[in-house]
Amino acid sequence: MYAIIDLETTGGQPTQDRITEIAIYIHDGDKVVDEYSTLLNPGRSIPFFITQLTGINDDMVRDAPKFHEVARKVVEMTEGCVFVAHNVRFDYSFLKKEFADLGYNYSRKTLCTVRLSRSLMPGQPSYSLGKLCQNIGIPLHDRHRAAGDAAATAILFDRLLKISQQEDALKSPALSPAETLAAVDATAPSGRSATTPKQPSPRKVKAVQEAIRTALLPPNITPEKVASLPQEAGVYYFHNEQGEVIYVGKSINIYKRIQQHFAVDYKSRKSLEFKNSISDITWELTGSELVALLYESHEIKRLKPLYNRQQRRSVFPAGIFLRTDENGYKHLYYGRADDHAESHPLIALGNQYKAKGFLFHKVAKFNLCQKMCDLYKTTGSCFDYQVHRCKGACIGLEPAEEYNQRVEAAIESFTYEHGSFVVAGAGRSATEKSVVVVENGRYLGFGYVDETFSARKLNDFKDVITRYNDNKDVQQIIRQYLRTKHKDKVKIFK
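Okay, so let's go over this structure. (Residues numbered from 1 in each chain as written. Predicted model: local features only at pLDDT ≥ 70, side-chain atom pairs only at ≥ 80, totals over all residues. Heavy atoms only, no water.)

Here we look at helix H12 (residues 269-276)
- Among the residues of H12, Leu272, Phe274 and Lys275 are the ones counted as buried. Down the axis of H12, the buried set is contained in an arc of 155°. They therefore lie on one face. (Buried < 20%, exposed > 50% of the residue type's maximum accessible area, 1.4 Å probe, protein only. Helix = DSSP H or I, 4+ residues; strand = E, 2+ residues; numbered from the N terminus. Arc of directions from axis to C-beta.)

Some details on the sheet that holds strand S11 (residues 347-349)
- Pairing in this open sheet of three strands is antiparallel, and the strands run S10-S9-S11 from one edge to the other. Either end of the sheet is taken by a strand with one partner, and the two such strands are strand S10 (330-336) and S11. The average undirected angle you get between the axes of adjacent strands in this sheet is 35°.
- Pairing geometry for strand S9 (residues 318-324) and S10, over seven bridges, is antiparallel. The partner of Arg323 across the bridge, within S10, is His331. (Pairing = 2+ DSSP bridges. Axes fitted to C-alpha atoms, helices over the stretch in contact; angles between N-to-C directions.)

Observations concerning the packing of helix H13 (residues 289-303) against helix H18 (residues 472-483)
- The contact between H13 and H18 brings their axes to 10 Å, and the two run at 165°. With respect to each other, H13 and H18 are oriented roughly antiparallel. The handedness of the crossing between H13 and H18 comes out as right-handed. Taking contact as the criterion, the partners of Glu289, Leu290, Leu293, Leu294, Ser297 and Lys301 in H13 are, on H18, Asp473, Val474, Ile477, Ile478 and Tyr481.
- Taken together, the residues that form the contact of H13 with H18 break down as seven nonpolar, one polar and three charged. (Parallel < 35°, antiparallel > 145°, perpendicular 65-115°, else oblique. Left-handed = near helix turned anticlockwise from the far one by under 90°. Contact = heavy atoms within 4.5 Å. Nonpolar A, V, L, I, M, F, W, Y, C, P; charged D, E, K, R; others polar.)

Points about the side chain of Gln370
- Turning to its location among the elements, Gln370 is positioned in the loop between helix H14 (352-366) and helix H15 (383-386).
- On the basis of relative accessibility, which here comes to 13%, the residue Gln370 falls in the buried class.
- In this view, Gln370 contacts Phe360, Val363, Leu375, Tyr376, Cys382, Phe383 and Asp384; residues no more than four positions away in its chain are not counted.

Concerning the packing of aromatic side chains
- Tallied over the entire structure, the rule returns 22 aromatic pairs.
- Ring plane angle 10° and centroid distance 4.8 Å describe the contact between Phe446 and Tyr468, whose orientation is recorded as stacked. Taken together, the positions of Phe446 in strand S14 (residues 442-450) and Tyr468 in the loop between strand S15 (465-467) and H18 put the pair 22 residues apart, joining distant regions of the chain.
- The class of Phe446 is buried, set by a relative accessible area of 6%.
- Each ring, one from Phe461 and one from Phe493, has its centre 6.1 Å from the other, and the planes form 70°; the classification is edge-to-face. Placement of the pair is Phe461 in helix H17 (residues 458-462) and Phe493 in strand S16 (residues 489-493), with a sequence separation of 32 residues.
- The buried category is assigned to Phe461, whose relative accessible area is 9%. (Phe/Tyr/Trp six-rings, centres within 6.5 Å; stacked < 30°, edge-to-face > 60°.)

With respect to the environment of Thr20
- With respect to the helices, strands and loops of the structure, Thr20 is situated in strand S2 (residues 19-27).
- According to the relative accessible area criterion, Thr20 is buried, its value standing at 2%.
- Along the primary structure Thr20 and Ala64 are separated by 44 residues, whereas in three dimensions their C-alpha atoms are 9.1 Å apart.
- The residues contacting Thr20, other than those within four sequence positions of it, are Glu8, Thr9, Thr10, Leu39, Leu40, Pro42, Ile46, Ile56 and Val61.

With respect to the pattern of salt bridges
- In this structure the tally under the stated criterion is 18 salt bridges.
- Arg18 is the salt-bridge partner of Glu98, the closest N and O atoms lying 2.9 Å from each other. One end of the pair, Glu98, is in helix H4 (residues 88-101); the other, Arg18, is in the loop between strand S1 (2-9) and S2, with 80 residues separating them in the sequence.
- Among the residues examined, Arg18 registers a relative accessible area of 25% and is labelled partly exposed.
- Note that Glu79 and Arg108 form a salt bridge whose closest N and O atoms lie 3.4 Å from each other. Here Arg108 lies in the loop between H4 and strand S5 (110-112) and Glu79 lies in the loop between helix H3 (67-78) and strand S4 (82-85), a separation of 29 residues in the sequence. (Salt bridge = Lys/Arg side-chain N within 4 Å of Asp/Glu carboxyl O.)

Keep in mind these numbers describe shape, not what the thing actually does.
This is the structure:
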């Protein structure tokens, strides 16, 4: 049994918006045997743009039942049924949230008619409900109203079931090379029995169960594509229909990580748009987890994918610098990288405002002098000395040796333990190793060597790497990685 459902809502986010209308059509695999629809009072005003889309306004729902008043009806009607909808994650997420607010865990198997349509009706110019119905001749009355959309989806679903029985209408003898789930009638929860007991054809069972099994996948991603993903470390790319990269990620097991992406029950409109826009997946193996982290950061900065928000900055014009005065005191200070071409910053930051804030944080944490860090302009003692937080380095009362120890501790908190070193890790094959090179506190890049490679000097490693930019993000990646448990070998150079 199948419950074909359509909802109208006050917006696209289940965590914030509410249902304004629900329609349910019960299909026994042969025909519609029951139906129900009602407006619902969402308990809040309906946005104007939603009213323009659906025609549902505040006056129409003022005297309508609230969801808790129809919840039992929804549970009873859909008990033992597969939850069917056009873009099922949207409708299912809203119903689950409404029930969760009532303290009830609503759970059903799901089937998406978008995915099923792509499998059984390939080549359509669009798989949106309105355009698909128009292209294949399904009447669609009251578009963007629950009853009208649900009724059209029921006709579409019925037609898809009939297509699945016609051998010559299918592009291939089977929709999946893997074993599909057991028959729908055997695996769906017990409760509702068909009005007219009827054994579904093997073709129908296979087509429907394939859609159920892959309901969490983006509409354009096939199970075969997911099955082809490597279970190795690397960087992966999500592409849209135009081939553009819209997201870059990394993992020590690409296959498992992407499965985790698709197993998420996305709730916000933006998250659903992200998932539904994924049309292809490519990847680049790295062998090493550290290299995967570094290469992901590089690719995000290079490509600036739409759905990557972290690590997009590719230019770091400011930084923290170090100098020593004529009295032997070490001074940390911030400035523009362009003004210090002769010296590399201890850490590169996005702008001078961030650099100043970063330095203030280190001054407070390591009890440094504001004046010695160019954060307090004065010819005398700094403000912190006046309130007994500074030990007097600014006026020569604290010996340089003592003050410099705290400066070094501050520097160690955001720089590497060693100035020049190589991290040797796993390669992309059993006969290969990866190498990450840092020289004088600067990340130079990474590369791969085979088992015949030998090196004694840092320059030997520098000759085999591809150069990449050094910045705050990669510095943090390397520092954090080296502080975790890992199997890589670190070779230190003086």
